[in-house]
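Examining the three-dimensional arrangement
Okay, here's what each chain looks like letter by letter:
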There are 2 protein chains.
Amino acid sequence: MSLTVVGSIAFDSVRTPFGERERMLGGAAVHFSLAASFFTEVRPVGPVGEDFGPGEFAVLEKRGVLVDDIERVPGGESFFWRGRYEYDLNVAHTEDTRLGVFGEFEPKLSDASKSADTLFLANIQPDLQRQVRGQCRAARFSALDSMNLWIETTKDSLLAAIGEVDCVILNDAEIRQLTGESNLARGARALMGRGPRAVVAKQGEYGAALFTESGFFALPGFPLEDVRDPTGAGDSFAGGFLGYLDGLESEPDDAGLRRAMGYGTVLASFNVEEFGTERVTRLTREEIDERFEALREMTQFDVSPAAAD
Amino acid sequence: MSLTVVGSIAFDSVRTPFGERERMLGGAAVHFSLAASFFTEVRPVGPVGEDFGPGEFAVLEKRGVLVDDIERVPGGESFFWRGRYEYDLNVAHTEDTRLGVFGEFEPKLSDASKSADTLFLANIQPDLQRQVRGQCRAARFSALDSMNLWIETTKDSLLAAIGEVDCVILNDAEIRQLTGESNLARGARALMGRGPRAVVAKQGEYGAALFTESGFFALPGFPLEDVRDPTGAGDSFAGGFLGYLDGLESEPDDAGLRRAMGYGTVLASFNVEEFGTERVTRLTREEIDERFEALREMTQFDVSPAAAD
């Protein structure tokens, strides 16, 4: 089994009420890859600049991430994001974005990346997502993320890209904006009408909901008393979700998708406990499984007192 | 078993993107009582005016609600609320509030009301809540709701009232505002530190979370494609929650509280499907149990593929 992700590889400078960090390793493909690395072989595809050095590569390699398709552009600068969060950690305030080498990104996939069983198109321009999707013909399960910018500027391209994947992973506000449906269930159904068999609505601290042909499933966010930096939570969710699915022996069924929601929730929860990749880089599979079981325990209930005995 | 609720009994005029109604039967104690009536004997305590007629009493009596403690004030006018909702149904815009007889409400409880096993102090002035709490000494389980107005104007009284109940049922934003904790888990813990053994955080369409000594439990809102009028959702939740608990043979344990969360969620979901009390007045216990089971199915997942077989 193998998983390819295309998306940003970046440096993030982040300030929250609980601290700040300069130029941490970040970006969608990084958070995704680290989360997925606990379940399967993952190859991030994306460009970096000369400022991306052995130390950054080492963080990924230490987790077994295959870095061959990270393209180091001579003379270039890596994508850089600076942002801050107030006490409402659900809202990121962007202070600076420098695309650097990401501005002229033309995805180049190795044969290994192209033959992945699972594909994640992180939040990049939708035409690029389609281009990558077209190259990865072998994928048995593919998913994409996006953002308000593409909904506003290249909506038709985004809808075309959605028509080519099995699963859409978006914030609930983005699903509403994209479909024009104030009701989330209707919005999810409208997206499924375009092709995908599953829609995941990320809901920040409230967790995530899964819509499929056969029904609805939802999980709360894992309750944490200390959330220090929410950057990368959504991509860590996607990494846990798709990483788990890629590790399955057969195509994911509904029960598999539900468990994947659980692993996504768990990886996102670890990610936000500390800044950047700090927590996930020293995470263990044992800790993941422990929290997965705790999450399960937090969401189960019996039909009747008798059944509880 | 018997349940007493003290709170508003009102007429509501409501406009949403899906329709409008003038002077519907409403108010916290009404929505609560109708929801709880599927599980136990419930007595609403509160004042109404001369405009409150046999038609309104009949709606309650048809569901077996005991109306003896509804005080009809000669020459008075019932509490009246006019509000509207935009497409974001989570936010109510108040256009008019007339307290009427509710402005000089002095709770008078009959002996039957005083001896209730379960007590719900709906959103009224906290000193009145304490006064009622003091009269209902036999209650094995008591809960209260409140609102931003009391947090801002009579916070100390509200905290004193919280210290006298077993359970607090508030919106998550209210818990944050009241405790000054941006983190919900910390806020809930702070409230439990004042006495209550359970804190329920209502989260609108995202569902509700339960904090107790022994842990955390959460349920999503029941997914609905048609939500027409969210007025009374929180009180219907409380009615399903406390109605179920009152019907139990023994004091509620954690498993009972979890099932009660399920019944609260189910009653709230029926309430919002139509305007005012329209849906709940023709609801059946069979429909409730069916949706409860559907909700359970939507939140369960297995630990491993093997466990699913």
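Values in this document were obtained by computation on a predicted structure and should not be read as measured data.

This part takes up the overall build of chain A. Helix and strand content of chain A: twelve helices and 13 strands. Relative to the globule expectation of 19 Å for 309 residues, the C-alpha radius of gyration of chain A, 18 Å, shows essentially globular dimensions. Taking the principal axes of the C-alpha coordinates as reference, chain A spans close to 70 × 40 × 35 Å. Expressed as a percentage of its 309 residues, the buried residues of chain A come to 58%. In chain A, the share of contacts with a sequence separation of at least 24, taken over all contacts with a separation of at least 6, comes to 64%. Accessible surface computed for chain A: about 11800 Å², of which carbon and sulfur atoms make up 46%. The positive charge centre, built from 31 side chains, and the negative charge centre, built from 51, are 2 Å apart in chain A.

Moving on, we get to the sheet that holds strand S13 (residues 215–219) of chain B. Note on sheets: strands pair through backbone hydrogen bonds, and any given pair is parallel or antiparallel. Residue and element names in this part refer to chain B. Strands sit in the order S5-S4-S1-S8-S9-S10-S11-S12-S13 across an open sheet of nine strands; the sheet is mixed. Where the open sheet ends on each side, the last strands, each with one partner, are strand S5 (70–72) and S13. Between one strand and the next, the sheet's axes are offset by a mean angle of 15°, whatever the strand orientation. As paired elements, strand S4 (residues 41–48) and S5 share three bridges and run parallel to each other. Within S5, the residue paired with glycine 46 across the bridge is isoleucine 70. Sheet strands in contact with helix H4 (residues 126–135) are strand S1 (2–6), strand S8 (118–121) and strand S9 (141–144), and its direction is about 170° off that of S8.

Next up on the list: the interface of chain A and chain B. Taken together, the contact between chain A and chain B spans 41 residues of the former and 41 residues of the latter. When chain A packs against chain B, the two sides together hide about 3700 Å² of surface, and 52% of this comes from carbon and sulfur. Our count for the contact surface shared by chain A and chain B stands at eight salt bridges. In this structure, Glu297(B) and Arg258(A) form a salt bridge, with 3.6 Å as the shortest nitrogen-oxygen distance. Remark: the boundary between chain A and chain B carries 22 residue pairs in polar contact (both at pLDDT 80 or more).

Before going further, it helps to spend a moment on the packing of aromatic side chains. Residues and elements named next belong to chain A. Overall, the coordinates contain 29 aromatic pairs over all chains when judged by the stated rule. When the ring of phenylalanine 11 is compared with that of phenylalanine 52, the centres are 6.0 Å apart and the planes differ by 55°; the resulting orientation is tilted. Residue phenylalanine 11 is located in strand S2 (residues 10–16), and its partner phenylalanine 52 is located in the loop between strand S4 (41–48) and helix H2 (54–62); the two are separated by 41 residues in the primary sequence. Phenylalanine 11 gets classed as buried once you look at its relative accessible area, which sits at 3%.

Before going further, it helps to examine helix H7 (residues 172–179) of chain B. Along H7(B), the residues classified as buried are Asp172(B), Glu174(B), Ile175(B), Arg176(B) and Leu178(B). Residues of H7(B) that are buried make contact with helix H5 (148–153), helix H6 (155–162), strand S10 (167–171), helix H8 (184–192) and strand S11 (198–202) of chain B.

The next point concerns the sheet that holds S2(A). Residue and element names in this part refer to chain A. Judged by pairing direction, the sheet is mixed, and its four strands sit side by side in the order S3-S2-S6-S7 without closing on themselves. Because the sheet does not close on itself, it has two edges, and the strands there are strand S3 (19–26) and strand S7 (92–98). Ignoring which end each strand starts from, the neighbouring axes of this sheet average 15° apart. Direction of pairing for S2 relative to S3: antiparallel, over a ladder of six bridges.

Turning our attention to the relation of the copies chain A and chain B. Mapping chain A onto chain B calls for a screw motion: a turn of 180° about the axis and a shift of 0.0 Å along it, with 0.0 Å RMSD after fitting. The relationship between the two copies is best expressed as a two-fold rotation axis. Looking at the interface residues of chain A, 100% of them are also at the interface in chain B, so both copies use one shared face.

Below, the discussion takes up helix H7 (residues 172–179) of chain A. Residue and element names in this part refer to chain A. Along H7, the residues that are buried comprise Asp172, Glu174, Ile175 and Leu178. In a view along the axis of H7, the buried residues occupy a sector of 160°, so they form one face of it. Against helix H5 (148–153), helix H6 (155–162), strand S10 (167–171), helix H8 (184–192) and strand S11 (198–202) lie the buried residues of H7.

On to the pairing of strand S12 (residues 208–212) of chain A. Two faces make up the sheet, and in a regular strand the side chains alternate between them. All names here are of chain A. Counting buried positions along S12 yields five of five residues, so the element is predominantly enclosed. Side chains Ala208, Leu210 and Thr212 of S12 all project onto a buried face; the interleaved residues Ala209 and Phe211 project onto the opposite face, where all are buried too. Bridge analysis of S11 against S12 gives five bridges, and the strand direction is antiparallel. If you follow valine 199 over to S12, its bridge partner there is phenylalanine 211. Hairpin connection from S11 to S12: five residues lie between these consecutive antiparallel strands, with glycine 204 at a positive phi of about 60°.

On to the environment of Val42(B). Residue and element names in this part refer to chain B. Within the element layout of this structure, valine 42 appears in strand S4. Put simply, valine 42 and glutamate 20 are 22 residues apart on the chain and 29 Å apart in space, counted from C-alpha to C-alpha. Those residues in contact with valine 42 that sit more than four places away from it in its chain are Leu3, Val5, Phe32, Ser33, Ala36, Ser37, Val65 and Leu66.

Time to look at the state of the cysteines. Residue and element names in this part refer to chain B. For the structure on display, the rule yields zero disulfides over all chains. Considering cysteine sulfurs only, cysteine 167 is the nearest to cysteine 136, which forms no disulfide, with 16 Å between them. For cysteine 136, a relative accessible area of 0% corresponds to the buried category.

Under the counting rule described, the total for this entry stands at 45 salt bridges over all chains. For Glu205(A), the salt bridge goes to Arg176(B), with nearest N and O atoms at 2.7 Å. With one member in each of two chains, Glu205(A) in the loop between S11 and S12 and Arg176(B) in helix H7 form a pair that bridges those chains. Under the relative-accessibility criterion, Glu205(A) is labelled partly exposed at 35%. Arg176(B) serves as the salt-bridge partner of Asp172(B), at 3.8 Å between the closest nitrogen and oxygen.

Now for the confidence of the model for chain A. Of the residues in chain A, 98% have a pLDDT of 70 or more, and the chain-wide mean is 95. Quick note on the complex model: pTM equals 0.95, ipTM equals 0.92.

Residues and elements named next belong to chain B. Axis separation between H4 and H6 bottoms out at 8 Å; the angle between their running directions is 25°. As the angle between them shows, H4 and H6 are arranged roughly parallel. Taken as a pair, H4 and H6 cross one another with a handedness that is left-handed. Residues Pro126, Asp127, Gln129 and Arg130 of H4 lie in contact with H6, whose contacting residues are Ser157, Leu158, Ala160 and Ala161. Here the contact of H4 with H6 is composed, by residue class, of four nonpolar, two polar and two charged.

Here we come to the nonpolar core. Proteins that are soluble and globular tend to have nonpolar side chains buried together. Membership of the largest hydrophobic core comes to 206 residues, with the highest contact counts inside it found for Phe211(A), Phe241(A), Phe211(B) and Phe241(B). Once you skip the residues sitting within four places of it in the chain, Phe241(B) turns out to touch Cys167(B), Ile169(B), Val200(B), Leu257(B), Ala260(B), Met261(B) and Gly264(B).

Quick notes on the rules
- Residues numbered from 1 in each chain as written.
- Chains lettered and ligands numbered in written order.
- Predicted model: local features only at pLDDT ≥ 70, side-chain atom pairs only at ≥ 80, totals over all residues.
- Heavy atoms only, no water.
- Helix = DSSP H or I, 4+ residues; strand = E, 2+ residues; numbered from the N terminus.
- Rg over C-alpha atoms; globule rule 2.2 N^0.38 Å.
- Buried < 20%, exposed > 50% of the residue type's maximum accessible area, 1.4 Å probe, protein only.
- Contact = heavy atoms within 4.5 Å.
- Areas by Shrake-Rupley, 256 points an atom, 1.4 Å probe, with all protein chains shown as cover.
- Lys, Arg positive; Asp, Glu negative; His and termini not counted.
- Charge placed at Lys NZ, Arg CZ, Asp CG, Glu CD.
- Pairing = 2+ DSSP bridges.
- Axes fitted to C-alpha atoms, helices over the stretch in contact; angles between N-to-C directions.
- Buried area = accessible area lost by both parts, 1.4 Å probe.
- Salt bridge = Lys/Arg side-chain N within 4 Å of Asp/Glu carboxyl O.
- Polar contact = N/O pair within 3.5 Å; in protein donor to acceptor, adjacent residues only side chain to side chain.
- Phe/Tyr/Trp six-rings, centres within 6.5 Å; stacked < 30°, edge-to-face > 60°.
- Least-squares fit on C-alpha atoms with pLDDT ≥ 70 in both.
- Arc of directions from axis to C-beta.
- Disulfide = S-S within 2.5 Å.
- pLDDT = per-residue confidence, 0-100.
- Parallel < 35°, antiparallel > 145°, perpendicular 65-115°, else oblique.
- Left-handed = near helix turned anticlockwise from the far one by under 90°.
- Nonpolar A, V, L, I, M, F, W, Y, C, P; charged D, E, K, R; others polar.
- Core = buried A, V, L, I, M, F, W, Y, C linked by side-chain atoms within 4.5 Å.

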